[in-house]
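Listed below, chain by chain, are the residues.
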Amino acid sequence: MKKIIISTIAVSALLFTVTSCNTDFDTDVKDIPVTKGDADFSKYISLGNSLTSGYRDGALYSSGQNESYPSIIAAQMKLAGGGDFKQPLMPNDIGGFNNLPGFPGKLTLQVVNGSLAPVPSGAAAALDMLSGGGTYNNMGVPGAKSFHLVAPGYGSQVGLATGTANPYFVRFASSATTSVLADAMAQKATFFSLWIGNNDVLSYATNGGTNSQTVGGVTTYSIATVQTGNTNPTTYKSNDISDPALLAGSIKAVLDGLKSVGTTKGVIANIPSVTSVPFFTTVPYNPLTPALLGSNLTTLNTSLYGPLKQALTAFGAGDRINLLSATGPNPVLIKDVALTDLSAQLTAALTPSLGLPTATAFGQIFGQARQATADDYILLTTSSVIGSTAPMVPSPVNIYGISYPLQNQHVLTKTEAGYVKTATTAYNASIKGLADSYGLAFVDANTKMLELNSQSGIVFDGVKYTATFVRGGAFSLDGVHLTGRGYGIVANEFIKSINAKYKSTLPQVDPNKYSGVKFP
């Protein structure tokens, strides 16, 4: 449980999953002439976040950027009069910034203790400043939320220290005071794509509904806010869920800005359900098998789970903890901040048998503890935490997920997942409404992601793609961003929507021709 591992015996199965099912894509287009229809692809720009930039494997790196979905689309547009597509390529194929904290290089699969595991690379170079700022067709900025696209100074190098700027935009912004939108408007494009809003809810989800702060090398976590009725992003913390009205207003501002310079034709996509990606679906809620627990199972039931179950039952909360099963898989122990805190009650109940100091510690540790259910999402990064030792916690109640609850930042609980779903639904209603009112092509990325996450997946020329971590072929090693093949699938969805709206006949691509997960 200490690492995300992949059996080396199964390597060949991870490369392709072949099936005899019919393809989900239209491939018989060789006799159809390529036309632009009612669109003009001579100058195409793309706006968005990491998904637009070609980010994958936990970093932005050059070969990944070359397989970004806008780059793939631009190549097809070129067949119908489209122009060159310039991207702010990273200076290497590793990524990261070695002069900025928190920006490592890409993940790679390496053999660790006999099994394959994703291992982060060291950042390859310092932040580089590109020439020709403001002239790049791919304006995808990793980490950008909806309101960041309209924020002046988002590309200011000075703003990096205060958290008001983004190093990826700093690289190619035309000035320290510009915005992503302003630089897009200056190009007066003939066609655009816009896919933004994922991060308005994704950062909340991938951090288990928490914000963090590190002072003196010590990181503390606080509950992130689900912002409603507050459209002032300067008051937000980094992982708060954006107010739906703020997202809608920000996207409208982008569309109005582009329209004001004559860029009126384009395509916009909605927000996929973030909990359908491997980052949330790979680690099971019940990984504690009897074989894993071994002889500790009986001891845990006798010394910990049993007494806790008895005490909690007396307070009407007996459903929080059940005895561990000796015949089937068991759920991990988690902290759920939505539960009534029973710390004081547990302390009082356990004091006669454990003594006040130990009972107080137990009360604090287990006052909001429960076993996970199938409605909770154990984060991909938490796989290395389960079974590890919680710092500064006395034995034997110091093993994460077993005798010590996984903390708020390790799990997206059912309640928190509900907040994510509510926000995503509101976001998508606004995005569809804006697409309709501005007469734009619309991509239902949410439905496509759910299809990818289904058991049947998506099939192209006999190759099946799913949202299964690594083996599914569509997602990269970070569990959130796509492989080149995954971006090929997305590009086809955009192309289909563009063709339907503007009567063009851009050919779809073969996702199998792009790169997937690389093995050592």
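Every chain is numbered on its own, with residues counted from 1 as its sequence reads. Thresholds applied to this predicted model are a pLDDT of at least 70 for local features of residues and 80 or more for the giving and counting of side-chain atom pairs; totals over whole chains, interfaces and linings are not thresholded and use all residues. Side-chain numbers come from the whole structure's heavy atoms, not from hydrogens or water.

A. The sheet that holds strand 5 (residues 191-195), seen in detail. The sheet built from 5 strands is open, its strands ordered 4-1-5-8-13 with parallel pairing. One side of each edge strand has no neighbouring strand; the edge strands of this open sheet are strand 4 (138-140) and strand 13 (441-443). Mean inter-strand twist for the sheet, computed between neighbouring axes without regard to direction, equals 15°. At least two bridges found by DSSP between two strands is the condition for calling them paired. Put simply, DSSP H or I for four residues or longer makes a helix, DSSP E for two residues or longer makes a strand, and each gets a number counted from the N terminus. The pairing of strand 5 with strand 8 (residues 266-269) spans 3 bridges and is parallel. Every axis corresponds to a line fitted to the C-alpha atoms, with the helix fit spanning only the stretch in contact, and the corresponding angles, defined between N-to-C directions, vary from 0 to 180 degrees.

B. Focus on the nonpolar core. Here, nonpolar core means buried Ala, Val, Leu, Ile, Met, Phe, Trp, Tyr and Cys residues that are tied together by side-chain atoms lying within 4.5 Å of each other. In this scheme, a residue with accessible area under 20% of its type's maximum is buried, one over 50% is exposed, and one in between is partly exposed, where area comes from a 1.4 Å probe on protein chains only. Residues Ile73, Phe191, Leu194, Ile251, Phe366, Phe494 and Ile498 are the most contacted members of the largest nonpolar core, which totals 136 residues. Top element by residues in this core is helix 16 (residues 484-502). It accounts for 8 residues. By the convention used here, residues are in contact when the closest approach between their heavy atoms is within 4.5 Å. For Ile498, the residues in contact, after removing those within four places along its chain, are Phe41, Ile73, Met77, Phe191, Val267, Ala441, Lys503, Ser504 and Leu506.

C. Spotlight on the side chain of His410. Within the secondary structure, His410 is located in the loop between strand 11 (377-378) and strand 12 (411-412). Classification of His410 by relative accessible area gives buried; the value is 10%. Those residues in contact with His410, other than ones at most four positions away along the chain, are Ile378, Leu379, Thr382, Val385 and Tyr400.

D. Expanded view of the environment of Leu440. Secondary-structure assignment places Leu440 in the loop between helix 14 (414-437) and strand 13. Exposure remark for Leu440: the relative accessible area of 6% places this residue in the buried category.

E. Inspection of the packing of aromatic side chains at higher detail. Side-chain rings of Phe, Tyr and Trp (the six-membered ring for Trp) are treated as a pair once their centres are within 6.5 Å; stacked means planes under 30 degrees apart, edge-to-face means over 60, and tilted covers the remaining angles. Applying the stated rule across the entire model yields 18 aromatic pairs. Ring geometry for Phe191 and Tyr502: centres 5.5 Å apart, planes at 75°, overall edge-to-face. A residue pair is termed long-range when its members are at least 10 positions apart, and Phe191 in strand 5 and Tyr502 in helix 16 qualify at 311 residues. Three or more aromatic residues joined by ring pairs make a cluster, and in this case those are Phe41, Tyr44, Phe85, Phe191 and Tyr502. Whether a charge sits over a ring comes down to the Lys NZ or Arg CZ being within 6 Å of the ring centre and within 35 degrees of the ring normal. The ring of Tyr136 is capped by Lys86, whose NZ or CZ atom sits 4.5 Å from the centre of that ring. Sitting above the plane of the Phe442 ring, Lys432 keeps its charged end 5.4 Å from the centroid.

F. Looking closely at the packing of helix 12 (residues 343-354) against helix 13 (residues 356-366). At a minimum axis distance of 7 Å, the contact between helix 12 and helix 13 shows a crossing angle of 145°. Crossing angle aside, the handedness with which helix 12 passes helix 13 is right-handed. In this structure, helix 12 contributes Ser343, Leu346, Thr347, Leu350, Thr351 and Leu354 to the contact, and helix 13 contributes Leu356, Thr358, Ala359, Thr360, Phe362, Gly363, Gln364 and Phe366. Classifying every residue of the contact of helix 12 with helix 13 by side-chain character gives 7 nonpolar, 7 polar and no charged. Crossings are classed by handedness, with left-handed meaning an anticlockwise turn of the near helix from the far one by less than a right angle and right-handed meaning a clockwise turn. Put simply, Ala, Val, Leu, Ile, Met, Phe, Trp, Tyr, Cys and Pro go in the nonpolar bin, Asp, Glu, Lys and Arg in the charged bin, and everything else, Gly too, in the polar bin.

G. Structural detail: the pairing of strand 6 (residues 210-215). Sheet analysis places strand 6 next to strand 7 (residues 218-223), joined by 6 bridges and oriented antiparallel. Residue pairing for strand 7: Ser212 is matched across the bridge by Tyr221.

H. Local environment of the pattern of salt bridges. Salt bridges are counted wherever a side-chain nitrogen of Lys or Arg sits within 4 Å of a carboxyl oxygen of Asp or Glu. Tallied over the full model, the rule gives 12 salt bridges. The salt bridge involving Asp128 is made with Arg171; its shortest N-O contact spans 2.8 Å. On the criterion of sequence distance, the pair formed by Asp128 in the loop between strand 3 (115-120) and strand 4 and Arg171 in the loop between helix 5 (167-170) and helix 6 (180-187) is long-range, its members being 43 residues apart. Comparing Asp128 with Arg171, the two get one shared label, buried. A salt bridge links Arg370 to Asp376; its shortest N-O distance comes to 2.8 Å. Taking the relative accessible area as the measure of exposure, Arg370 reaches 11% and is therefore buried. One continuous salt-bridge network, built from bridges that share partners, spans Lys448, Glu451, Glu493 and Lys496.

I. Looking closely at the side chain of Gln409. Note that Gln409 resides in the loop between strand 11 and strand 12. Sequence-distant contacts of Gln409, defined by excluding residues within four places in its chain, comprise Asn207, Gly208, Thr210, Tyr221 and Leu379.

J. Region of the structure containing helix 7 (residues 199-206). Summarising burial for helix 7: 8 of the 8 residues are buried, a large majority. All of the buried residues along helix 7 are Asn199, Asp200, Val201, Leu202, Ser203, Tyr204, Ala205 and Thr206. Among the structural elements, strand 6, helix 8 (244-260), helix 9 (278-281), strand 12 and helix 14 are those in contact with the buried residues of helix 7. Downstream of helix 7 by a residue or two, Gly208 has a phi angle that is positive, lying close to 65°.

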